[in-house]
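Architecture at a glance
Here are the chains, one letter per residue:
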Amino acid sequence: MSLMETTIKANRVLSTVEKLREDFPILKTTVHGKPLVYLDNAATSQRPSQVLAAYCFFCQSHNANVHRGIHTLGEQATDRYEAARRKVAAFIGAPSEKTVVFTRGTTESINLVAYGYARKFLKPGDAVVLTPMEHHANLVPWQIVATTMGANLRFWPMTPEGTLDMSAASDLLQPPVKIVALTHVSNVLGTINPVKEIARRAHAIGAKMLVDGAQAVPHIPVNVADIGCDFYAFSAHKMCGPTGVGALWGREELLDEMDPFMTGGEMIREVWLDHATWNELPYKFEPGTPPIAEAVSMGAAVDYLNHVGMDWLQEHDRQLVNYAMNQLLAEDGVKIFGPQDGRGALISFNVEGVHPHDLATLLDRDGIAVRAGHHCAQPLMRWLGVPATARASFYLYNLPEEIDQLMEGIRRAKEVFAYAR
Amino acid sequence: MSLMETTIKANRVLSTVEKLREDFPILKTTVHGKPLVYLDNAATSQRPSQVLAAYCFFCQSHNANVHRGIHTLGEQATDRYEAARRKVAAFIGAPSEKTVVFTRGTTESINLVAYGYARKFLKPGDAVVLTPMEHHANLVPWQIVATTMGANLRFWPMTPEGTLDMSAASDLLQPPVKIVALTHVSNVLGTINPVKEIARRAHAIGAKMLVDGAQAVPHIPVNVADIGCDFYAFSAHKMCGPTGVGALWGREELLDEMDPFMTGGEMIREVWLDHATWNELPYKFEPGTPPIAEAVSMGAAVDYLNHVGMDWLQEHDRQLVNYAMNQLLAEDGVKIFGPQDGRGALISFNVEGVHPHDLATLLDRDGIAVRAGHHCAQPLMRWLGVPATARASFYLYNLPEEIDQLMEGIRRAKEVFAYAR
Amino acid sequence: MRDELYGEILLDHYRYPRHFGALPNPSVRIEGKNPLCGDEFLIDLNLEGDVLREIRFSGRGCAISMASASMMTELVTGKSVAEIQKWIDRFRNFLRDGGAHRDEVDMGDLQALAGVAHLPVRVKCALIAWTTLEEGIGQRKNEPR
Amino acid sequence: MRDELYGEILLDHYRYPRHFGALPNPSVRIEGKNPLCGDEFLIDLNLEGDVLREIRFSGRGCAISMASASMMTELVTGKSVAEIQKWIDRFRNFLRDGGAHRDEVDMGDLQALAGVAHLPVRVKCALIAWTTLEEGIGQRKNEPR
Ligand SMILES: Cc1ncc(COP(=O)(O)O)c(C=O)c1O
Ligand SMILES: Cc1ncc(COP(=O)(O)O)c(C=O)c1O
């Protein structure tokens, strides 16, 4: 691409962003008198007016419980709830909508597999392969199930850069490995893992593979059929959607043979005093009143992302991350964690002599929201040899200027801590 | 009370209702060209504008993830989330806010106790006492846990009227009964169970007691300390709040000794590759991103109900139920299920010769939403000897006129089915 | 009072279901249930080779499911398994489009169920006997249970 | 550049923490952790009867937690357990109201932490050394671990 083409493209991206920002009124708020610079998108994204409007419209026009009512409102609510499921299914390339289960989010989705699949099929001595970069959501449930079932956990070695050491694959992926569970995109390192290749190799030894897509679905086009994994978990609130809802995609035959996780109304077929039989997919895994308006609103978030365009978003992410990366690399005393190239839309870093919590507090006074802490990845912090990091994470509404502001904030923090030295 | 006093009171109630209805725009919608008459409140209630506004305000002004952020938005979100917890705790008389766990709803709350408490403390041969009027949410989880742990289920005998036969208590409540789980208000019979007395008797034999408050919290002032139970479960969506959130209250010492149910971020204290320790209450039971905006909105629902006044609401419920009961009793061919007096704000009934599904379809054409089916209580349907019932359930915005319309609808249905006979 | 959905024909089949009961020696007996509705049907078939000689049904359900079952028994008696399957498919389509795009075939009494197409939640009521029959003719090589 | 929260006194304690290190034979050694922050402190005490003769702390944390710990060690050395408890309570209140309603007592260097009161999420940083010390004086009859 010529320089001119690049510039034109960059300009197009920019003017699009300015327009998209109009959809997010919260971006106009001020913090400590400064305009909000929201760089904590990996924790939760903001919600566009369109998605909120879909939520409100549903509540004020079609609110009823689903799957139970003969009345019109109940039918409308069910229609919209199921339409949302179809949207979500299409968004991740699920071969059938009945393989998409609405949950509260990634954490519940992974627990569902750990309880419903692993508790049924893991045998003593079996092994589960994880990576040291997992979010606690994709680590602690496996610790519990491994302890309960007498299975073992194995951890994929990492390169110093913070990517999976693929040369370890053949040693690692051997019987009795039954489950491989790993994140698609690391929420700390930004590493994008080669999930497709790992799925192929996991299947070669008969293991099942779960992918934690919490940081992937919001940012990159995901196709579960193409990846070839067995389970895929993600949350709505990181992809312009509401809190309280997320999804688990699973292979139909696996979902079929799994035990239900939570039980109650809706997920049953027949109930006697002493036993019960289960409803068909996906209802078997959706006990009780589901997050109805939230699911509808998640469908609207999918519409919104489709409207923005995942290809556009990827390009936008790439530009922002490159821009930020170059500036952070050029800044004295800044240490960046994770690979330099091919990463997700976030950068973890530390500033020499400034604890990440102090940095976050100082940046907050400038209106800049970054995250500081262990990012629900304490083992990874130990691996990195730090108690915590700062993290800036981007989304479709972020602008290069906001990265400039972040850099200024970092420089100010350095000055404050150098003051009177 | 003199007739005049009664009339004045009734008038006051009525004009209040007219005012309250303004808060619910959905009540102005039409169904098949007829004004909506929403009598399916036991399935889910409608949401007042105030509660929706609180939701939207949060999303557009304070949206961030909770408990993780140093930045201002994160702090504001956490403040509002925890303020909602305090409101919910106060609403049910919880002695401490840390004993209130936000869940997806009643179903998850009960599953949490079944997994986290019963799986840890039930021994083979132990017994769990339930009633035949339980919603599947308070039945199936106990079936599963009883099967897993080798424990037995015992069912409280009922009187022909559909109340618990209290004379059976002493026979029933004997060792090895370890858990008593029952509904506060039946979602089919309307029966209000003497939970306080049962808690006392359960405790006398060292058993723990869980109350399913899904149908109680929306309608009657609930005080868990006064009831003296050990766990109390309920949902926001039946009490003017949103879907996707509910709560479990538990005694602090029991919550403390319980195992966590789902695991992941936030609910941990320290995590190593192979094990983890747990966070303090209530966070130990709130893994991952909770339904943040939903919890805030549940707090607003509590505000709304407090503003309406639970005493007023109880009186309003009483008047509606009495009015409906008298009319239904006077109507030929209508069979009512459950006790005549002292019941919750709902009536299940059947019309001779008209299947409840056909009745619901016919009523829907008149704009009237009632529920028809087994109401997630199949064993109770068998006990009643019917495949299904129709159910009209009321809430603060319902009017006596709407009951008149229901009666007209029932009469029309009878005529339709008598036609050309 | 006359209702567009619950018309005379439908109600007649509901009140006086045809072929209600059981067969002494059915070649196939099949149970159809919709526990979520509480509907339960038992269908007995006498198949001679590929031809359905006799059919009986029993059980309970709403007016729509009962009437639909009754109409079905009238229609399928004496037909071949292949013809019956065609009717099952035709009826499914009919319920999908409310008879709007129906092919040239006269639906007979079934026409009375056209209104169900506008009631998605009731479609399964109208179909339960039919899917049970479909299962039954699929199992025709099995012994009666 | 000068910052209202991260002022000279605070930064001085952060850079040159007083009483940093360990005691050879502490009568109490107590660990304080905030795993959610990654803060970890080890506090050694030499108590003679009811009087704290010596204190040392080590560990790592943010500027607020380190400075607060350092200031604390200066304040409590030589004080009785009862006086120390009073200071712990006083400091807690101080963080609650930002020194607005402080009693007549001069907070000394601790005054530099007044701004933390406006940062609820950072209050626990300022408190970690203090709650660890509180636990330590509560355990003073125990052997060092
Ligand atoms: C008595 C009772 N228990 C439990 C539930 C389940 O509540 P939810 O679906 O909100 O989990 C309901 C509502 O359907 C109910 O009426
Ligand atoms: C990689 C990863 N996995 C899992 C989660 C948990 O998602 P949730 O909190 O929505 O359940 C997160 C987000 O916090 C994440 O970044």
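Definitions and cut-offs
- Residues numbered from 1 in each chain as written.
- Chains lettered and ligands numbered in written order.
- Predicted model: local features only at pLDDT ≥ 70, side-chain atom pairs only at ≥ 80, totals over all residues.
- Heavy atoms only, no water.
- Least-squares fit on C-alpha atoms with pLDDT ≥ 70 in both.
- Contact = heavy atoms within 4.5 Å.
- Helix = DSSP H or I, 4+ residues; strand = E, 2+ residues; numbered from the N terminus.
- Expected span 1.5 Å × (residues − 1).
- Near = heavy atom within 4 Å.
- Polar contact = N/O pair within 3.5 Å; in protein donor to acceptor, adjacent residues only side chain to side chain.
- Areas by Shrake-Rupley, 256 points an atom, 1.4 Å probe, with all protein chains shown as cover.
- Axes fitted to C-alpha atoms, helices over the stretch in contact; angles between N-to-C directions.
- Parallel < 35°, antiparallel > 145°, perpendicular 65-115°, else oblique.
- Left-handed = near helix turned anticlockwise from the far one by under 90°.
- Nonpolar A, V, L, I, M, F, W, Y, C, P; charged D, E, K, R; others polar.
- Buried < 20%, exposed > 50% of the residue type's maximum accessible area, 1.4 Å probe, protein only.
- Core = buried A, V, L, I, M, F, W, Y, C linked by side-chain atoms within 4.5 Å.
- Pairing = 2+ DSSP bridges.
- pLDDT = per-residue confidence, 0-100.
- Buried area = accessible area lost by both parts, 1.4 Å probe.
- Salt bridge = Lys/Arg side-chain N within 4 Å of Asp/Glu carboxyl O.

Details of the relation of the copies chain A and chain B
- Rotating chain A by 180 degrees and translating it 0.0 Å along the rotation axis places it on chain B, where the RMSD comes to 0.0 Å. The operation mapping one copy onto its partner corresponds to a two-fold rotation axis. Looking at the rotation axis and the C-alpha trace of chain A, the residue lying nearest is Gly244 of chain A, at 2.8 Å.
- Counting the interface residues of chain A, we find that 100% of their copies in chain B are interface residues as well, pointing to one common contact surface.

Description of helix α10 (residues 292-308) of chain B
- Taking 1.5 Å of rise per residue, 17 residues should cover 24 Å, and α10 of chain B covers 25 Å from first to last C-alpha, within 8% of that figure.
- Backbone geometry just after α10 of chain B places Gly309 of chain B at a positive phi near 95 degrees.

Quick look at the site of ligand 2
- Taken together, 15 residues surround ligand 2, and among them Thr107, Asp212, Ser235 and Lys238 of chain A together with Thr289 of chain B come closest.
- Surrounding ligand 2 are residues belonging to chains A and B, so the site spans chains.
- At 2.6 Å, a side-chain N or O of Ser235 of chain A approaches an oxygen atom of ligand 2.
- Thr289 of chain B is positioned with one of its side-chain polar atoms (N or O) 2.6 Å from an oxygen atom of ligand 2.
- Relative to its unbound accessible surface of 390 Å², ligand 2 loses 98% to contact with the protein.

Some thoughts on the packing of helix α2 (residues 49-61) of chain A against helix α2 (residues 49-61) of chain B
- α2 of chain B packs onto α2 of chain A with a crossing angle of 165 degrees between their chain directions and a minimal axis gap of 11 Å. Here α2 of chain A is positioned roughly antiparallel relative to α2 of chain B, judged by the angle of their axes. In the packing of α2 of chain A onto α2 of chain B, the handedness of the crossing is right-handed. For the pair α2 of chain A and α2 of chain B, contact is made by Ser49, Leu52, Tyr55, Cys56, Cys59 and Gln60 of chain A and by Ser49, Leu52, Tyr55, Cys56, Cys59 and Gln60 of chain B, respectively.
- Class assignment for the residues of the contact of α2 of chain A with α2 of chain B results in eight nonpolar, four polar and no charged.

Thoughts on the side chain of Glu82 of chain A
Residue and element names in this part refer to chain A.
- With respect to the element layout, Glu82 can be found in helix α3 (residues 72-91).
- Owing to a relative accessible area of 11%, Glu82 belongs among the buried residues under this scheme.
- Within the local environment of Glu82, its side chain forms a polar contact with the side chain of His67, the two groups lying 3.0 Å apart.
- Polar side-chain contacts of Glu82 include one of 3.0 Å to the side chain of Tyr283.
- Leave out the neighbours within four places in its chain, and Glu82 touches His67 and Tyr283.

Considerations on the nonpolar core
- Ranked by size, the top nonpolar core spans 180 residues in total, and within it Tyr232 and Leu396 of chain A together with Tyr232 and Leu396 of chain B carry the most contacts.
- With residues near it in sequence (within four places) discarded, Leu396 of chain A still touches Val17, Leu20, Phe24, Cys240, Tyr304, Leu305, Val308, Trp312, Leu313 and His316 of chain A.

A word on the site of ligand 1
- In the vicinity of ligand 1, 15 residues are found, and the nearest of them are Thr289 of chain A together with Thr107, Asp212, Ser235 and Lys238 of chain B.
- The contact in question runs from an oxygen atom of ligand 1 to an N or O atom on the side chain of His135 of chain B, over 3.1 Å.
- In this structure, Ser235 of chain B approaches ligand 1 through a side-chain N or O atom, which is 2.6 Å from an oxygen atom.
- In isolation ligand 1 exposes 390 Å². Once the protein is present, 98% of that is buried.
- Looking at side-chain class alone, the shell around ligand 1 contains two nonpolar, 10 polar and three charged residues.

Re the sheet that holds strand β14 (residues 346-351) of chain A
Residue and element names in this part refer to chain A.
- Spatially, four strands are ordered β13-β14-β17-β16 in an open sheet, and the strand pairing comes out antiparallel. Where the open sheet ends on each side, the last strands, each with one partner, are β13 (334-337) and β16 (371-373). When the angles between neighbouring strand axes are averaged without regard to direction, this sheet yields 30 degrees.
- Pairing of β13 with β14, which is carried by four bridges, proceeds in the antiparallel orientation. Within β14, the residue paired with Phe337 across the bridge is Ser348.
- Against the sheet, helix α12 (residues 356-365) engages β14, β16 and β17 (389-393), with an angle of about 160 degrees to β16.

Here we look at the confidence of the model for chain C
- On average, chain C scores 89 in pLDDT, and the residues at 70 or more come to 90%.
- Among the scores for the predicted complex, ipTM is 0.94 and pTM is 0.95.

Observations concerning the interface of chain D and chain B
- Across the contact, six residues belong to chain D and seven residues belong to chain B.
- Interface area lost by chain D to chain B is led by Pro35, Leu36 and Val121 of chain D, which between them contribute 60%.
- Seen at the junction of chain D and chain B, the total is one salt bridge.
- Its salt-bridge partner being Glu270 of chain B, residue Lys33 of chain D comes within 2.8 Å of it at the nearest N-O pair.
- Across the chain D-chain B interface, the total number found is two residue pairs in polar contact (both at pLDDT 80 or more).
- Looking at the side of chain D that touches chain B element by element, the count peaks at three residues for helix α4 (residues 120-138) of chain D.

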